[in-house]
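Notes for the structure review
One-letter residues, chain by chain:
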Amino acid sequence: MNHVISGAALPDGTRTDLFVRDGVLVDEAPAGAERIDAEGLVVLPGLVDPHTHLREPGREDAETVASGSAAAARGGYTAVCAMANTRPVTDTAEKAEHVFDLGVSAGLVEVAPIGAITKGLAGAELAELALMHRSRAKVNMFSDDGACLMDAQLMRRALEWVKPFGGVIAQHSQDTNLAGASACCHESEISGRLGLDPWPPVAEAAIIARDVMLAEATGSRLHVCHISTAEGVEVVRWAKSRGIRVTAEVTPHHLLLGTERVEGYDTTFKVNPPLRTSEHITAVREALADGTIDMVGTDHAPHAPQDKDHAFVDARPGMLGLEQALAVVMEVLLDELGWEGVADRMSHAPAKLAGLVAQGRPLSVGEPASLVLVDPASRAVVDRAASSSLSRNNPYHGLELPDPVQLTMWRGKVTYQRG
Ligand SMILES: NC(=O)N[C@@H](CC(=O)O)C(=O)O
Ligand SMILES: [Zn+2]
Ligand SMILES: [Zn+2]
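Residues numbered from 1 in each chain as written. Chains lettered and ligands numbered in written order. Predicted model: local features only at pLDDT ≥ 70, side-chain atom pairs only at ≥ 80, totals over all residues.

Moving on, we get to the overall build of the protein. Each helix and strand in the protein was counted, giving 11 helices and 20 strands. In terms of overall dimensions, the protein is globule-like: its C-alpha atoms have a radius of gyration of 20 Å, near the 22 Å expected for 419 residues. Counting only C-alpha atoms and orienting by the principal axes, one finds that the protein spans roughly 65 × 45 × 45 Å. The buried share among the 419 residues of the protein stands at 57%. Across the protein, every contact between residues at least 6 apart in sequence was considered, and the portion connecting residues at least 24 apart equals 75%. (Helix = DSSP H or I, 4+ residues; strand = E, 2+ residues; numbered from the N terminus. Rg over C-alpha atoms; globule rule 2.2 N^0.38 Å. Buried ≥ 20, exposed ≤ 12 C-beta atoms within 10 Å, placed from the backbone. Contact = placed C-beta atoms within 7 Å.)

Rendered as structure tokens:
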């Protein structure tokens, strides 16, 4: 199907008509094109999530590649990078190709598998990084996310292994000696009062500091997952000033929600790293605005009720993010970033990180027609039931937020349309 999208505003503010033929932006209206009225809407390049948990294979009750892809399209995304902590773990070329193929069959977004750094995420032995890269899945990013790769020598070796093909190592920065498996609340007056094991900011900053030094020593690329602390941001800022090849992402929930959400022991708000206090929230917002933090990563982490309906300490950490990420970024930072900044932090920068050459492109003639139409004025109360995800651990349930996504198009195909 060919389209004419009329009257949308580009990120730089200019109003334009976009012509879509055979999945590509062209310079004149194709014959028989379907008209999409975009008067009053903003058009952004399709969003790219560098950090999504699809639960297939293994936990298809919580999310499948298809349901997660639908949630992504509903959130304005045209690509997601699928984390490796499935069952089995994505630690071989065959397993990466399996996830890749599931993404192709779902047909709603580009699904780019992230490969594990170590076999089974066990932190003991490197996975077959180069074979995953050379597979049909073309894996370019590797992460043991869910677990921190604590062994500095293995981290060094991983950085060395991916350097020749331009790969990147994405770290879940959590020193497990400082913040172990039971740590589940930002170290603060609240963790003490609620009796929850504290997760101190230094457990994040110490690993980031170690890893940027390893990135410098190897000349390789490091990506910091879900940065959440002012201290972590300072280390990244320092590393960038030295020319170290490091990028960082922040989640929507760390931009908006504070640690006080856990006061009622509602396990929806249990997440790793934990929700933090206002000084940290301010720091990550400022860092995303000034570019120290390069991008937004949702860390969309669906969990089934039987994994969340437990005492706080026993519940699985993680919360949904794909469907409200753009809304949250608009709510907290649209004034500072402008639409061009939003397009950079949510599309251009993550596409570049993951090496997705057909994503995060400018909306100009000859480029893929992968885009999202955004209503800047619409607002709504979030309802966790109105979701394409199979899970309901939505931390924004009941909050009034922007409700921007009107239509998502991936390579000329409408993958989500409002109403
Ligand atoms: N963020 C989380 O709290 N949970 C993630 C793992 C992770 O991102 O570390 C998950 O897979 O559920
Ligand atoms: Zn993580
Ligand atoms: Zn994660």
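After presenting the structure, the write-up continues.
This part covers the nonpolar core. Membership of the largest hydrophobic core comes to 131 residues, with the highest contact counts inside it found for Val43, Phe142 and Val284. Setting aside chain neighbours within four positions, we find phenylalanine 142 in contact with Ile114, Gly115, Ala116, Ile117, Leu129, Ala158, Val162, Gly167, Ile169 and Ala170. (Core = buried A, V, L, I, M, F, W, Y, C linked by C-beta atoms within 7 Å.)

Once that is clear, we can look at the sheet that holds strand β14 (residues 246-250). Judged by pairing direction, the sheet is parallel, and its five strands sit side by side in the order β9-β10-β13-β14-β15 without closing on themselves. Every other strand in the sheet has two partners, leaving β9 (141-143) and β15 (295-296) as the edge strands with one partner each. Summarising the sheet, strand β13 (residues 221-224) and β14 pair through three bridges and their orientation is parallel. Residue pairing in the sheet places valine 224 in a bridge with alanine 248 of β14. (Pairing = 2+ DSSP bridges.)

What follows deals with the pairing of strand β20 (residues 413-417). Of the pairings in the sheet, the one linking strand β19 (residues 405-410) to β20 comprises four bridges and is antiparallel in character. Residue pairing for β20: tryptophan 410 is matched across the bridge by lysine 413. With antiparallel pairing between neighbouring strands as the criterion, β19 and β20 make up a hairpin whose turn holds two residues, including arginine 411 at a positive phi of roughly 50°.

Quick look at helix α7 (residues 230-241) now. Compared with an ideal rise of 1.5 Å per residue, which puts 12 residues at 16 Å, α7 spans 17 Å between its outermost C-alpha atoms and is within 8% of the ideal. All of the buried residues in α7 are Glu231, Gly232, Val233, Val235, Val236 and Ala239. The secondary structure elements touched by the buried residues of α7 are α6 (202-218), β13, β14 and α9 (278-290). Among the residues trailing α7, glycine 243 stands out with phi positive, at a value near 85°. (Expected span 1.5 Å × (residues − 1).)

Moving on, we come to the UniProt feature "binding site: Zn(2+) 1" (unreviewed entry) in the protein. Under the present numbering, the feature "binding site: Zn(2+) 1" (unreviewed entry) in UniProt falls on His51, His53, Asp145 and Asp299. For the residues just named, distributed over 249 residues, the greatest C-alpha separation is only 9.8 Å, placing them together at one site. Since 24 C-beta atoms lie within 10 Å of it, aspartate 145 is described here as buried. Non-local contacts of aspartate 145, meaning those with residues more than four positions away in its chain, are made with Met83, Asn85, Ala170, His172 and Cys225. (UniProt positions renumbered as here; feature names shortened; annotations may be inferred.)

For the rest of this paragraph, the subject is the environment of valine 296. Examined against the element boundaries, valine 296 turns out to sit in strand β15. The buried category is assigned to valine 296, around which 30 C-beta atoms lie within 10 Å. Taking the C-alpha atoms as reference points, valine 296 and methionine 409, separated by 113 residues in sequence, lie 20 Å from one another. Ignoring sequence-local partners within four residues, the contact set of valine 296 consists of Glu249, Val250, Pro252, Ala325, Val329, Arg345 and Met346.

Take the site of ligand 1 next. Every residue near ligand 1 is listed here: His53, Asn85, Asp145, Gly146, His172, Val271, Asn272, Asp299, Ala301, Pro317 and Gly318. Of the residues belonging to the shell around ligand 1, the class tally is three nonpolar, six polar and two charged. (Near = placed C-beta within 6 Å. Nonpolar A, V, L, I, M, F, W, Y, C, P; charged D, E, K, R; others polar.)

Turning our eyes to something else, we now look at the UniProt feature "active site" (unreviewed entry) in the protein. The residues that UniProt annotates with the feature "active site" (unreviewed entry) are Asp299. Looking at the secondary structure, you find aspartate 299 in the loop between β15 and α10 (305-308). Excluding residues that lie within four positions of it along the chain, aspartate 299 makes contacts with His51, His226, Thr251 and Gly321.

Bringing the packing of α9 against helix α11 (residues 325-354) into the picture now. Relative orientation of the contacting elements α9 and α11 amounts to 45°, with a least axis distance of 9 Å. It follows that α9 is oblique to α11 by the angle criterion. In the packing of α9 onto α11, the handedness of the crossing is left-handed. Contacts from Arg285, Leu288 and Ala289 in α9 reach Val332, Leu333, Glu336, Leu337 and Arg345 in α11. For the contact of α9 with α11, the residue count by class is five nonpolar, no polar and three charged. (Axes fitted to C-alpha atoms, helices over the stretch in contact; angles between N-to-C directions. Parallel < 35°, antiparallel > 145°, perpendicular 65-115°, else oblique. Left-handed = near helix turned anticlockwise from the far one by under 90°.)

A word on the pairing of β14. With respect to burial, β14 is a largely interior element, five of its five residues being buried. The side-chain alternation of β14 yields two buried faces, one formed by Val246, Ala248 and Val250 and the other by Thr247 and Glu249. Assessed by its sense of winding, the connection that carries the chain from β13 through α7 to β14 is right-handed. Across two bridges, β14 lies against β15 in parallel orientation. The residue of β15 that forms the bridge with valine 250 is valine 296. (Right-handed = clockwise from strand over helix to strand, strands pointing away.)

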